[in-house]
Amino acid sequence: MFVSTSNNFGAGQIQFKDYQCSLYVVLNAKFTVNTSSPAYLAASRMEIKVPDLSIGRSVEVPVAIRFADRRTISGQEVNCDGGTVLISKVADKNTIVIERHRLFDNQGEMTIIISAMYATLNNGNNPQKVQRTMLQLQQENPYLYMSDSAYFVADQHWVFLCMGFSHCLYDYKNLPWEATLKDFPTDVTADVAFIGGVNAYNPQVCGMGEAHIENGVFTMQERMYNFCEGSPKPFVFAFLVRDTQE
Amino acid sequence: MAAWNTLAKGVKSKTILGEAAEISGLNLYIKLNYNRVMAGYSIMADAPAALRAVPNVVYEAAWVTLTAVIIKGIEHEEMPFKLVVRMSGGQSNGVSKGWSKTVIISPGMEEDWGDADVTKLYFSTIGVQPALGEKVFLEMYWLNTTTGVTGLDARDSITCITDEEASIEGLTVRFKFNEMDLYEGRASSVSDYDLDFSTGIAAAYIDAICTGGATEGYSSLYLNTAFPEQVKGPFNCVARSTEANGNLKVQLCTVEVKNSKNYSQLSIATIAGNTGVPSHVFGVGIRYE
């Protein structure tokens, strides 16, 4: 765990959960940015200054940015939350950079969720593969269903979660969700971006909500209003730091 | 020109005989802009405020074989520095000083995670590959692309050896794919690709543009050269649409390389999220069995 030393876009101190080694860094963080603030608008890219990282640069990886958008439609409040991914990298040992996309200028407060592996390259010539564990949801009355692209890979220090959704039973589409992830490490606590779903009121981005994983249990309180009504299917894609290695 | 004259007063120069000499503002203007233009930058009309020092090139080794010309272990320098590489054609092994025979192979490149693979540039510039046992002279220096100032030369002479000998000496072929010859028999729908398996762990890196094939959500790149056995197999990663209407919708993709009888193939399939193209697929994915 570490905290940022400064940033150039007017956010406060940012707390990171981390696993670092000489080949890569896995970072988890969630913070807000006001895209209408003068500091944000003056920055060509978001720069977060941090204490020495174990790597001096990284490849470019995606981080999620989302906004809340609640509207009253036909007398009902509906969730039109949206978002996308931004390009991020470790620029040097003390700087994490995140793309500033003009689409979000002056959109007010947005949330950035970092669940990323910042890798380096040219580290030898031994491509490896790992065994993945297919994700099984345990629910008393099953109502959530995964696609065949739902799995995790558990490293000693982190977990990679790829969670492709298939559908949920119609009666549950607007209710809070909860499911135990069978055999998923219980030492992961994180908010993750729940990406996808049609977003008719914000057509330039996709629907994006937040889910929570703790003690091997996946929960999601609410989601985009039209989830369950055809493609595109939502998913979670996250590198998550395990707590017990700290 | 007054600013250039002022700047030139603080610059040390040498005559062709190696004697210390002053340089005029005009000469400095030409010298710095020559370097910038060679590297693809525009002419700088205003004199830079100051000329900061340029680092020396630090590297581990360089190899010339019948199939590869590569410099390894180059210490990274952030932009605005770019690497200038000069090399000679094959010279007799009895020649000990052949640096005057070098020509520019690359006027300004970014080293690639410590590598400078100049194989294609070398063969296209020199035109003739060196024979086994011949010596190739190498000069490298950093260019500050903002000011046009160059650093000191790092010089080396390398004897052309076989790939097997280079392998024994420690040259490893990195599993990185970005400039392979296209197979013309099928229409490719992936461009600007960079696929790299050298993370040192069970992860691959991809950066590519998908333009979409005949099947929605499915883009492919068809190539003439087979992928090595070690890099076959899938991984998942994220893509973001880059449509002309400015959409930024997100996709989950499966990336896979495979070899067929007539071609090899990099396929990128959207398996969740939006299927809009073109899309920019980028990031790290875990490779699984």
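1. Details of the overall build of chain A
Inference 1: Helix and strand counts for chain A come out as one helix and 20 strands.
Inference 2: A globule of 246 residues ought to have a C-alpha radius of gyration of about 18 Å, and chain A, at 18 Å, matches this closely.
Inference 3: Seen through its C-alpha atoms, chain A measures out along the principal axes to roughly 50 × 45 × 30 Å.
Inference 4: Contacts in chain A between residues far apart in sequence, at least 24 positions, make up 71% of those at least 6 positions apart.
Inference 5: Carbon and sulfur atoms make up 45% of the accessible area of chain A, which totals about 10100 Å².
Inference 6: The distance from the centre of the 19 positive side-chain charges to the centre of the 25 negative ones in chain A is 6 Å.

2. Describing the sheet that holds strand 13 (residues 218-223) of chain B
Residues and elements named next belong to chain B.
Inference 1: Here we have eight strands laid out as an open sheet, ordered 10-11-12-17-14-15-16-13, and antiparallel in their pairing. What marks the edges here is a single partner per strand, and that holds for strand 10 (176-177) and strand 13.
Inference 2: Relative to strand 15 (residues 250-259), strand 14 (residues 233-241) runs antiparallel, the two being bridged by eight bridges. Directly across from Val-238, in strand 15, lies its bridge partner Leu-252.

3. Digging into the pattern of salt bridges
When the charged atoms of two side chains lie near each other, side chains of opposite charge can form a pair.
Residues and elements named next belong to chain A.
Inference 1: Applying the stated criterion across every chain, the model contains 24 salt bridges over all chains.
Inference 2: A salt bridge links Asp-81 to Arg-66, with the nearest nitrogen and oxygen atoms 2.8 Å apart. You can see Asp-81 sitting in the loop between strand 8 (76-79) and strand 9 (82-92) and its partner Arg-66 sitting in strand 6 (residues 61-67), a full 15 residues away along the chain. Across the pair, exposure class does not vary: Asp-81 and Arg-66 are buried alike.
Inference 3: Bridged by salt links that share partners, the residues Lys-30, Arg-66, Arg-70, Asp-81, Asp-191, Glu-210 and Glu-222 form one connected network.

4. Quick look at the side chain of Asn35(B)
Inference 1: Inspection of the secondary structure assignment puts Asn35(B) in helix 2 (residues 25-38).
Inference 2: Discounting chain neighbours no more than four positions away, the residues touching Asn35(B) are Leu143(B), Gly148(B) and Thr150(B).

Parameters at a glance
- Residues numbered from 1 in each chain as written.
- Chains lettered and ligands numbered in written order.
- Predicted model: local features only at pLDDT ≥ 70, side-chain atom pairs only at ≥ 80, totals over all residues.
- Heavy atoms only, no water.
- Helix = DSSP H or I, 4+ residues; strand = E, 2+ residues; numbered from the N terminus.
- Rg over C-alpha atoms; globule rule 2.2 N^0.38 Å.
- Contact = heavy atoms within 4.5 Å.
- Areas by Shrake-Rupley, 256 points an atom, 1.4 Å probe, with all protein chains shown as cover.
- Lys, Arg positive; Asp, Glu negative; His and termini not counted.
- Charge placed at Lys NZ, Arg CZ, Asp CG, Glu CD.
- Pairing = 2+ DSSP bridges.
- Salt bridge = Lys/Arg side-chain N within 4 Å of Asp/Glu carboxyl O.
- Buried < 20%, exposed > 50% of the residue type's maximum accessible area, 1.4 Å probe, protein only.

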